[in-house]
Amino acid sequence: DAKTTQPTSMDCAEGRAANLPCNHSTISGNEYVYWYRQIHSQGPQYIIHGLKNNETNEMASLIITEDRKSSTLILPHATLRDTAVYYCIVRGHSGNTPLVFGKGTRLSVIA
Amino acid sequence: SAVISQKPSRDICQRGTSLTIQCQVDSQVTMMFWYRQQPGQSLTLIATANQGSEATYESGFVIDKFPISRPNLTFSTLTVSNMSPEDSSIYLCSVVRQNMNTEAFFGQGTRLTVV
């Protein structure tokens with residue numbers, strides 16, 4: 001079973017920041033928080049991951065709470081192309097560990 | 001990034017028949033993973049395919065229904081056997097690169113419709 005809880009859906013105005021929350025209260029010490037998204041009819045795409053520090057890359061920022069029980073993915077300037085289902089996944093940092101997907105958050109970016 | 005070629009991209013099949021889906025990766029990987037995504041649902045892991053050994057199946061999936069081959073480190077197949085309309089789904093293969101990110105890469109999926 002997925003170890004994360006996310007809102008079912010969210011809306012965001014184009015050009016505004018999209019803040020997607022994720023609860024992972026049972027995360028263990030060696031598990032990372034990964035974010036993926038799936039744009040309609042495509043395979044999931046990696047966005048970002050982190051262990052305990054906040055992370056930023058060209059796509060997004062990841063804010064992890066100090067107790068690591070929750071996190072927020074931030075898309076700083078959402079565009080229509082960011083409309084997708086966003087998955088927050090907790091997993092070990094191993095190439096032999098598959099992703100276990102929860103239901104994700106369907107983000108709709110509105111013009 | 002890993003390049004994964006998955007085929008066929010889509011197919012319409014008669015019930016009772018079988019379909020084999022192929023997944024080719026552009027570099028050697030230890031594990032390959034097969035997922036199913038039913039209409040409007042999230043991805044569900046079917047099995048993990050390790051080269052040189054039998055695949056490991058998740059609860060609810062059995063080898064007789066979803067036989068998997070993994071003949072080398074760059075290729076795997078998933079067969080959907082004795083299909084019924086309930087097998088209509090998107091099937092995806094995935095690999096994880098053991099690099100700094102250990103990010104997973106996915107094929108574009110096979111959209112299967114069983115009639």
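Quick look at the structure, then. The structure presented is a predicted model; accordingly, all values stated were derived computationally and were not measured.

## Details of the state of the cysteines
And step 1. Within this structure, the stated rule accounts for 2 disulfides over all chains.
And step 2. For Cys22(A), the disulfide goes to Cys88(A), at an S-S distance of 2.1 Å. Between Cys22(A) and Cys88(A), the disulfide has an S-S torsion of -85° and is therefore left-handed. Of the two residues, Cys22(A) is situated in strand S2 (residues 18-23) and Cys88(A) in strand S8 (residues 84-92); the sequence distance between them amounts to 66 residues.
And step 3. Overall, the relative accessible area of 3% leaves Cys22(A) in the buried class.
And step 4. Assessed through its relative accessible area of 0%, Cys88(A) is described here as buried.
And step 5. Here Cys23(B) pairs with Cys93(B) through a disulfide, and the sulfurs are 2.0 Å apart. What sets the handedness of the Cys23(B) and Cys93(B) disulfide is the S-S torsion sign, and at about 70° it is right-handed. In this pair, Cys23(B) sits in strand S3 (residues 19-25) while Cys93(B) sits in strand S9 (residues 89-96), placing the two residues 70 residues apart along the sequence.

Reading the values: the criteria
Residues numbered from 1 in each chain as written. Chains lettered and ligands numbered in written order. Predicted model: local features only at pLDDT ≥ 70, side-chain atom pairs only at ≥ 80, totals over all residues. Heavy atoms only, no water. Disulfide = S-S within 2.5 Å. Helix = DSSP H or I, 4+ residues; strand = E, 2+ residues; numbered from the N terminus. Buried < 20%, exposed > 50% of the residue type's maximum accessible area, 1.4 Å probe, protein only.

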